[in-house]
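Coordinate inspection notes
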Amino acid sequence: MIEVERLSKRYGSTVAVDDLSFRVAPARVTGFLGPNGAGKTTTLKMILGLARPASGSATIAGHVYRDLQDPMRRVGAVLETSNYHPGRSGRNHLRVLAASSGIPASRVEEVLELVAMKDSAKRRVKGYSLGMRQRLGLAAALLGDPEVLVLDEPANGLDPAGIRWLRDLLRSLAGQGRTVFVSSHLLAEMEQIADDVIVIHRGKFVAQASTAELAARATTRVRVRSPQADRLGELLGAQGASIETLEGGALAVREVSAEQIGEVAAANAIVLHELAAETATLEETFLELTGGETTS
Amino acid sequence: MRLVYAELLKIRTAPWTTATLLLVLLAIVGLGAAGTSSDASGSVLSLESDIVDIGGIATIFTLILGILIVTWDYRHGTITQTFLAAPRRERVIVAKVVTAVGLAVLLTAIALGLAIGIAEIWLGDQFQLTDENWQHAGRIMLAAVLWAVLGLGLGATLQTQVGALISAIVWFLVLELVLVGLGSKIWNIDKYLPGEALREFSSSGQFEEERLGRTAAGLLAAGYAFGFAALGTLSVLRRDVTQ
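To keep things clear, this report deals only with the structure shown in the data block.

It is worth spelling out the overall build of chain B at this point. Secondary structure assignment for chain B yields 10 helices and zero strands. Secondary structure of chain B in N-to-C order comes out as α-α-α-α-α-α-α-α-α-α. At 19 Å, chain B has a C-alpha radius of gyration in line with the 18 Å of a compact globule built from 243 residues. Each of the three principal axes of chain B carries a C-alpha extent, and together these read 60 × 45 × 25 Å. Taken over 243 residues, chain B has a buried fraction of 51%. When the accessible surface of chain B is totalled, it reaches about 11200 Å², and 68% of it is carbon and sulfur. Side chains of chain B carry 16 positive and 19 negative charges; the gap between the two charge centres is 17 Å.

What follows is the structure, encoded as structure tokens:
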């Protein structure tokens, strides 16, 4: 369980994180979503004791990170993809981390197996692709077999097969009762990976919901094309619909269902050329939540 | 102890920097000792102390080593993982100090051993180390430790590898020499400068009377080294990790 309570951080005059509160529950994959620069990494750094909050608190299982005994056995974290000494091999990178936490070297081989990196472990990190660095990061996070995982943009640089692999891995980890907290600026990724999503924007809390709820919150609209669009619009307006005219003269109708529209048209002998219910993607919902700013 | 082991493992698993440092040191000391030995005639009074001084070149390398041990974690961004594994940062600093001191002693012992060994083989009986020479070597060893701590403090304060290395070079090889030139004439401050204090402490001969004296110079040098280490610790504890 990760708890963030009224957390704030400013860099000079810029407010990076603004009175942010949320909880991340165990046994689920929770996405931490926001555009680049929304304050995700800063928040994660404060949770992990790497940056000092201006006010508020962030705790893991009730403790601030600094007070955790054997932190790598409690929390596994990956912050960036480039945090490696380029001349060190992947295996040696893990051995250094294991040594600093008193984790036996045999565990290094186990996590290499887990992230399917056994073959490239003896190569130097400077020859690794972004995807391989991500896998190595995950291996580092899993070294201590921790109950909490905090991963910053772990899907970055992974190909679709890699993202599916990541999803399966994270789901199985959450299935074992672990808390999995994953940041991303891409909704599509979150839609595939996360059970819950916490959305922040400009350092402020925007929404927290299950991915399914968020999708359900996505407003549904019906697209209608008719040569008698004006007449149809009037009739639907009388039924309480909100109507917007799209490019090419089609109408985007909200608040009434496609069935109702069809019935109104039939009752008034209006010809329809198109009648289609459209569900907004999570992406569009997200844009709505964050006030229309793009996500990348 | 784990953290010291991890620091040593970091050095061992990224061996190029350390190996280069060691090879350059061995080359300089080897050539220096061979050169001095080949020039030596029976009448050179300071032969033994010159040879020990050549081994003392190691102190420059321990300064660099001190800087590297703390800054390569920052340079490569591995400081994030270091602090995730050991969020009590003061423990990381202590581990780095222990590592730097241990390696400084080792490096200096190797350099002194090489210089003395070459002279022994080259000159045989003509080369006789006295107690005074051994004390001189011991002071060089202590100075090497202080240089390493100073380097570590400087690196921890600035937290940038290039910045710390350039600052050290500019200060010790340029500014301090300029200040010595000016200072000895005008303000008489030269003897209080860190490099000068260390030099006075670890030198073989006696400096002029207006200098601090060996013990005072050693204490002042230790003050600089641990002062910088304290400043560096404070800087590491207070600053956010920006990588």
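Let's pick the thread back up.
The next subject is the interface of chain A and chain B. Listed per partner, the contact involves 34 residues of chain A and 28 residues of chain B. Overall, the association of chain A and chain B removes approximately 2800 Å² of surface from exposure, summing both partners, and the carbon and sulfur fraction of that is 52%. Among the residues of chain A in contact with chain B, Leu50, Arg66 and Asn83 of chain A are the three that bury the most area, contributing 24% of the side total. Residues Asp240 of chain B and Lys9 of chain A are paired through a salt bridge, measuring 2.5 Å at the closest nitrogen-oxygen approach.

A word on the pairing of strand S2 (residues 14–24) of chain A. Moving residue by residue along a regular strand, the side chains alternate between the two faces of the sheet. All names here are of chain A. Where strand S1 (residues 2–11) lies against S2, seven bridges are found, and the strand directions are antiparallel. Across the sheet, Tyr11 pairs through a bridge with Thr14, a residue of S2. Between S1 and S2, which pair antiparallel in sequence order, lie two residues; one of them, Gly12, sits at a positive phi of approximately 60°.

A few words now on the packing of helix H3 (residues 90–100) of chain A against helix H4 (residues 105–114) of chain A. Residue and element names in this part refer to chain A. At their nearest, the axes of H3 and H4 sit 9 Å apart, and the two run at 130° to each other. The angle between H3 and H4 falls in the class oblique. Here H3 and H4 pass one another in a crossing that is right-handed. Contacts between H3 and H4 involve Arg91, Leu94, Arg95 and Ala98 from the first element and Val108, Glu109, Val111 and Leu112 from the second. When grouped by side-chain class, the residues that make up the contact of H3 with H4 number five nonpolar, no polar and three charged.

Attention now moves to the environment of Asn268 of chain A. Residue and element names in this part refer to chain A. Relative to the helices and strands, Asn268 resides in the loop between helix H10 (258–267) and strand S13 (274–279). When its relative accessible area of 31% is taken as the criterion, Asn268 is described as partly exposed. On a C-alpha basis, the gap between Asn268 and Leu235 in space is 8.9 Å, while along the polypeptide they are 33 residues apart. When sequence neighbours within four positions are dropped, the list of residues in contact with Asn268 reads Arg231 and Leu235. In terms of polar contacts, Asn268 uses its side chain to reach the backbone carbonyl oxygen of Val264, at 2.7 Å.

Residues and elements named next belong to chain A. In this fold, Ser89 is placed in the loop between strand S5 (75–78) and H3. A residue is classified by how much of its surface remains accessible, and Ser89, at 9% relative accessible area, is buried. Each residue touching Ser89, except ones within four places of it in the same chain, is listed here: Ala121, Lys122, Arg123, Arg124 and Val125.

Here we come to the nonpolar core. Formed by 75 residues in total, the largest nonpolar core has its most connected members in Ile2, Leu48 and Phe181 of chain A. In terms of residue count, helix H6 (residues 89–123) of chain B provides more of this core than any other element does, 14 residues in total. One finds Ala98, Ala139, Val180 and Ala209 of chain A within the second-largest nonpolar core, a separate group that totals 48 residues.

With that settled, the discussion passes to a nonpolar patch on the surface. On the surface, Val162, Ile166, Ile169, Val170, Leu173, Val174, Leu175, Val178 and Leu182 of chain B cluster together into a nonpolar patch covering about 770 Å² of accessible area. For Ile169 of chain B, the position within the fold is in helix H8 (residues 161–185).

Let's shift gears to the environment of Leu166 of chain A. Residue and element names in this part refer to chain A. Structurally, Leu166 can be placed in helix H6 (residues 160–175). You can call Leu166 buried: its relative accessible area is 0%. The spatial distance from the C-alpha of Leu166 to the C-alpha of Gln192 is 9.9 Å, given a sequence separation of 26 residues.

All names here are of chain A. Considered for burial, the residues of H10 that qualify are Ala258, Ile261, Val264 and Ala265. Taken around the axis of H10, the buried residues stretch over an arc of 125°, which confines them to a single face. Of the exposed residues in H10, those oriented more than 90 degrees away from the buried face are Glu259, Glu263, Ala266 and Ala267. A positive backbone phi angle near 55° is found at Ala269, which sits one or two residues after H10.

This brings us to the sheet that holds S5 of chain A. All names here are of chain A. Here six strands make up an open sheet; going across it, the order is S5-S6-S7-S3-S8-S9 and the pairing mixed. Edge positions in the sheet fall to S5 and strand S9 (204–210), since each has one partner strand and no second. Looking at each pair of strands side by side, their axes are set apart by 15° on average, direction ignored. Set on the sheet, helix H5 (residues 130–142) makes contact with S5 and strand S6 (148–152); between it and S5 the angle comes to about 160°. Along the sheet, H6 makes contact with strand S3 (29–33), S6 and strand S7 (179–184), crossing S7 at roughly 150°.

Basis of the calculations
- Residues numbered from 1 in each chain as written.
- Chains lettered and ligands numbered in written order.
- Predicted model: local features only at pLDDT ≥ 70, side-chain atom pairs only at ≥ 80, totals over all residues.
- Heavy atoms only, no water.
- Helix = DSSP H or I, 4+ residues; strand = E, 2+ residues; numbered from the N terminus.
- Rg over C-alpha atoms; globule rule 2.2 N^0.38 Å.
- Buried < 20%, exposed > 50% of the residue type's maximum accessible area, 1.4 Å probe, protein only.
- Areas by Shrake-Rupley, 256 points an atom, 1.4 Å probe, with all protein chains shown as cover.
- Lys, Arg positive; Asp, Glu negative; His and termini not counted.
- Charge placed at Lys NZ, Arg CZ, Asp CG, Glu CD.
- Contact = heavy atoms within 4.5 Å.
- Buried area = accessible area lost by both parts, 1.4 Å probe.
- Salt bridge = Lys/Arg side-chain N within 4 Å of Asp/Glu carboxyl O.
- Pairing = 2+ DSSP bridges.
- Axes fitted to C-alpha atoms, helices over the stretch in contact; angles between N-to-C directions.
- Parallel < 35°, antiparallel > 145°, perpendicular 65-115°, else oblique.
- Left-handed = near helix turned anticlockwise from the far one by under 90°.
- Nonpolar A, V, L, I, M, F, W, Y, C, P; charged D, E, K, R; others polar.
- Polar contact = N/O pair within 3.5 Å; in protein donor to acceptor, adjacent residues only side chain to side chain.
- Core = buried A, V, L, I, M, F, W, Y, C linked by side-chain atoms within 4.5 Å.
- Patch = residues over 30% accessible without salt bridge, like charges linked within 9 Å, V, L, I, M, F, W, Y side chains within 5 Å.
- Arc of directions from axis to C-beta.

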